Amino acid sequence: MITQEVLTEDARAMLEWALRLYRGSAKAVNFLAQQRQLFDEPLRVGVTGRAKAGKSTLLDALDEDDFVEGHTSDVDAVLHLTGPVRAEDRQALQGNPLPVNTIVVLARADELGGGRVDAMTSAKMVARRLRAEPELGELCQDVVAVDGLLAVAGRTLTDEEFDAVAALAALPREELDELVLSTDRFLNPSLEDVVLRQGLLERLGLFGVRLSTTLVRRGYGDPSRLAAELVQRSGLNDLRLAVQRHFTERAPVLKARSALVAVETVLRAEPRPDARGLHAEVERIQVTTQDFRELRLLAALQTGRVELPSEIAAEAERLLGRGGTSPASRLGLDDDQDHLQLALGVLDRWQAYASNPVWRRAQTDAAKTVVRTCEGIIDTLARAAR
Amino acid sequence: MTALDVIDEALRQPAIGRRRDLTSRLSRLRGRLADPAIRVVVVGGLKQGKSQLVNALLGASICPVHDDVASSAPAVIRHAEQPWAAVVRPGQQRLESIDLEQVAQEISGGQVVRAEVGMPRAVLSGGLVIVDTPGVDGLRSEHTSRTLAELAEADAVLAVTDALTELSPTELQFLRFATTICPNVLGVLTKTDLSPRWRSHLERNRMLVAEAGLAIPLVAVSSVLRERALSTGSTDVNAESGFPALVGYLENTVKAQAGLLARRSASEAILAVTEQVSLGLRAELSTQDPSSLAGLEEAQRAAELLRRQSARWQNMLMDGMADLMSDVDHDLRERTRIILRHTDQAFDKADPAKTWDQFCDWLADKLTDAVLRNYDWTVERTHWLAQRIAEQFDEESRGTLPELGFRDPASVLERMGGLLTPDLAPPGIANKVITGLRGSYSGMLMFGLLTSLMGMPLVNFVSVGAGAVMGAKTLKEERDAQLKRRQAVAKTAVQRHVDELVFQVGKHSRDALRQVQRRLREHFTEQAEQLQDALTDSIRRARELATADLQARNQRNQTITEEINTLVALRQRAQALALTS
């Protein structure tokens, strides 16, 4: 969208302005220069979570250069890893000013289900329940279940490994069941090929072994199909989709937000009278930029600070880009047919909401923001049609 | 001496008996120890496999096992010949009977406070009761508080954590917390079937526990393998599951040492309770209860105050009355002096002979008015004084002021009667003729002698004329002198009358005031005496009380010392209890 380009330029201009203004302060200049450098780089996603939450495995699985482990400063968005969501996770997420840049990941999701073959299905249901939980919904944009180990294995499955799995799957049913009952049994040194099995267990985990042998038995007979199915089941694709929708599509907005937050940090840390103009400009951008408005309204709707009638609240969140910012995902449609007519209908409806005399001020303001979003969708669609 | 005996002894201690909270704690403990039940509470974080552990241990799907948070209420499982199950609903006390199969569903449904299950299991024989609890998440949530409540009643604790990772600092902290509540904690690492590295985790965890200074043995188990073993009847698989170690702990340590556990629990409870009570008693010994002494001091202070008050009010009455009398006298004199001045002014001009009657009326009015005003003022001042004196007494001991019984000065005025009319009669005609002749004779003689020197006869026209003039002049002089005399007489008469009145009225008010003074003195003396009596009485009682109190206190101190000694003996027995095996 054209507004995003304007926003990017605006944010860069703010960084430059701040750099000029604070050229006397080495600390501020260092920080701002670093931020300017980061600003020109692609979106950086931080991966946080407790020790042993599976951060490095997940990073391996995602194999993205711009995802970094640990610290949440200097990043534009956050993946927070957790096992069962505990009090300490909620606390860790509580300080988050804008929940729209956070995705909670139930990593090691297979363990939730005790390593049963259907463990991932079960973990995905838990993720869905948590996503709908208002308490957690306030703290993040989305909850996704992922088994990092399985995902890595799926992405990098070798033919040798496939052959080993296939050999296991060829064993008589009961024999196999006994073998995969526990890691100890699986690594029973009195059986042959123990080194091979040990390698498999390291790569796949017991759950992965159980799942892949079951899949081979069900007919996933060649390495690429099995690998694809493992990746699919691992939840990695769901995570990628969530990252795409919530982070990548909004990347310019998230980057601009990081830049403006950085400028504000400096303004707060070293306030000075001649920075008033910069301060006002930063505020103006934050208030007037439609993408920021969308993010803020989305956060307000998710946290319940603004309440819309339940039947249209979900539609508002979708239009604002909760499920992705492409016109199709905003409109809740699957393919790119003629959406224009439908978008115009939605616009009319929201214009009516915006002037609804019964609604409170906050609600009509929210509707006006959605109206502007609809106008943006129509604009994009019209450009595409041309 | 059994644990129960020592607890009973503790409960018999009056020092402990006075503390409801402590006796209820000991009674609860006694109830638990008297009950052969041995409570083993299974605790741990979320999703560590507690419920599955219990199910695998008992070989029955009693506790809810779910990939999401499953248990929201504790399940209490004990031995019974016939399986039975019941739940307690929120806000209710009684057990509601349900099917055994429904227990898991009810617990995960969240609509129960507690589930109770009875089933025939060898491991439960000998009074073993297993309590499955909701996961501990932080130390705050509702689930957590239910778990902690169960923990407080535990004879032994199975602290569950999965073998997939090492113990986290939070888990270690929880273990330490559990040992402070219950001395018998077993750490159970679950899900060994899923963890390729469970042995190294077990070793590492043992080290961590030892480093933390905790005496907690650890066992590693697999519920999945145990379930398999139970369904196939395979002892090998059972051995593989790690459960024999757990069951062995329950049989050999928990059950076999139930007596020791009970003694240990009793010992710890009694040590804690006696510690608290002794602290209280020592504190009491060091501070004396000053309540009754304070009463005596208070009474003595009040008596002293009264003595000072008594002197004060008597002085006040005396001074006040002296002042009042002189003021009243002065007031009356002042009022009458004004009247006299008016009288003087009037009689400087007017002839009393002509205006006397009129004047008499005016004077009587003025004087009556002055006397009555003076009287009113006196009464007012007296009341004011009485009031001031009364204020020296307490509100309640003041009483009502007596009727002062002032006598009206009307009687004085009546007795005085009217003003006596002085001799104001003007001279008669004969008097005037003589006076005239005397004047004209001397005039005629004076001028006759003078003119006779000029050769004129003694009686000539000059001397006769002079005699006439002189006679008239003498007559006029005589009339003026008469007026002056009458005026002086009148003034003197009025002065004398007023003096008399002032004297009479003054005497009357002095008498009246003296009488009032007597009355007030009698009244206040009576009040003061009553007060004095009351105070004397209260001092006497306070003194008695203080004496008695001193004895009581000495006695109490002795009792406290005895109680402390008994408690020390009790503590020794409690310590011995934990050591005997």
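Residues numbered from 1 in each chain as written. Chains lettered and ligands numbered in written order. Predicted model: local features only at pLDDT ≥ 70, side-chain atom pairs only at ≥ 80, totals over all residues.

**Let's talk about the pairing of strand β8 (residues 185-190) of chain B**
Residue and element names in this part refer to chain B.
No. 1: Of all the six residues making up β8, six are buried; the element is thus mostly covered by neighbouring parts of the structure.
No. 2: Crossover connection from strand β7 (residues 156-162) via helix α7 (residues 169-181) to parallel β8: handedness right-handed.
No. 3: In terms of strand pairing, β8 meets strand β9 (residues 218-220) through three bridges, oriented parallel. Directly across from Gly-187, in β9, lies its bridge partner Leu-218.
No. 4: After leaving β8, the chain enters helix α8 (residues 198-211) and then returns to the sheet as β9, a path that is right-handed. (Buried ≥ 20, exposed ≤ 12 C-beta atoms within 10 Å, placed from the backbone. Helix = DSSP H or I, 4+ residues; strand = E, 2+ residues; numbered from the N terminus. Right-handed = clockwise from strand over helix to strand, strands pointing away. Pairing = 2+ DSSP bridges.)

**As for unusual backbone geometry**
No. 1: Non-glycine residue Asp-193 of chain A carries a positive phi angle of around 60 degrees.
No. 2: Note that Asp-193 of chain A resides in the loop between α11 (183-186) and α12 (194-217).
No. 3: C-beta crowding within 10 Å serves as the criterion here: with 12 such atoms nearby, Asp-193 of chain A is assigned to the exposed category.
No. 4: Positive phi, close to 60 degrees, is recorded for Lys-191 of chain B, a residue that is not glycine.
No. 5: By the element assignment, Lys-191 of chain B lies in the loop between β8 and α8.

**A closer look at the sheet that holds strand β4 (residues 96-98) of chain B**
Residues and elements named next belong to chain B.
No. 1: Taken in spatial order, the nine strands line up as β4-β3-β5-β2-β6-β1-β7-β8-β9 in an open sheet, and their pairing is mixed. Of all strands in the sheet, those bounded by a partner on one side alone are β4 and β9. Along the sheet, successive strands turn relative to each other by an average axial angle of 25 degrees, direction set aside.
No. 2: In the sheet, strand β1 (residues 38-44) pairs with strand β6 (residues 128-132) via five bridges, with the strands oriented parallel. Across the sheet, the residue bridging to Val-40 is Ile-130, located in β6.
No. 3: Across the sheet, α8 is in contact with β8 and β9; its angle to β9 comes to roughly 170 degrees. (Axes fitted to C-alpha atoms, helices over the stretch in contact; angles between N-to-C directions. Contact = placed C-beta atoms within 7 Å.)

**With respect to the nonpolar core**
No. 1: Counting residues in each nonpolar core, the largest one holds 187 residues, and the members touching the most others are Val-105, Leu-106 and Val-146 of chain A together with Val-40 and Val-157 of chain B.
No. 2: Among the elements that make up this core, the one with the highest residue count is helix α15 (residues 251-269) of chain A (eight residues).
No. 3: If near-sequence neighbours (up to four positions away) are discounted, Val-105 of chain A is found in contact with Leu-58, Leu-79, His-80, Leu-81, Val-144, Val-146 and Leu-239 of chain A.
No. 4: By size, the runner-up hydrophobic cluster in this structure holds 28 residues, among which are Leu-317, Val-328, Val-371 and Leu-520 of chain B. (Core = buried A, V, L, I, M, F, W, Y, C linked by C-beta atoms within 7 Å.)

**Notes on the packing of helix α2 (residues 26-40) of chain A against α15 of chain A**
All names here are of chain A.
No. 1: For the pair α2 and α15, interaxial distance at closest approach is 10 Å and the crossing angle is 175 degrees. By the angle class used here, α2 and α15 are roughly antiparallel. In this structure, α2 contributes Ala-28, Phe-31, Leu-32, Gln-35 and Phe-39 to the contact, and α15 contributes Lys-255, Ala-259, Ala-262 and Val-266.
No. 2: The residue inventory of the contact of α2 with α15, partitioned by class, reads seven nonpolar, one polar and one charged. (Parallel < 35°, antiparallel > 145°, perpendicular 65-115°, else oblique. Nonpolar A, V, L, I, M, F, W, Y, C, P; charged D, E, K, R; others polar.)

**Considering the interface of chain A and chain B**
No. 1: Opposite the 22 residues of chain A that make contact, chain B presents 21 residues.
No. 2: Secondary-structure elements contributing two or more residues to the side of chain A that touches chain B are α4 (87-94), α5 (109-112), α6 (119-132), α11 and α12 of chain A.
No. 3: It is α6 of chain A that contributes the most residues to the side of chain A that touches chain B, four residues altogether.
No. 4: Grouping the amino acids of the side of chain A that touches chain B by side-chain chemistry returns nine nonpolar, seven polar and six charged.

**A few points about the sheet that holds strand β1 (residues 45-49) of chain A**
One key point about sheets: their strands pair by backbone hydrogen bonds, in either a parallel or an antiparallel sense.
All names here are of chain A.
No. 1: Judged by pairing direction, the sheet is parallel, and its five strands sit side by side in the order β2-β1-β3-β4-β5 without closing on themselves. The sheet is open, and its two edges are formed by β2 (67-69) and β5 (142-145), each paired on a single side. Adjacent strand axes in the sheet meet at a mean angle of 25 degrees when their direction is disregarded.
No. 2: Two strands pair when backbone bridges link them, and strand β3 (residues 77-82) and strand β4 (residues 102-106) are joined in this way by five bridges, in the parallel orientation.

**What to know about the confidence of the model for chain B**
Residue and element names in this part refer to chain B.
No. 1: In the predicted model, chain B carries a mean pLDDT of 82, and 93% of its residues have values of at least 70.
No. 2: When the elements of chain B are averaged for pLDDT, helix α6 (residues 142-151) gives the smallest value, 70, and β9 the largest, 94.
No. 3: Here the complex is predicted with pTM 0.59, and the ipTM for its interfaces comes to 0.74. (pLDDT = per-residue confidence, 0-100.)

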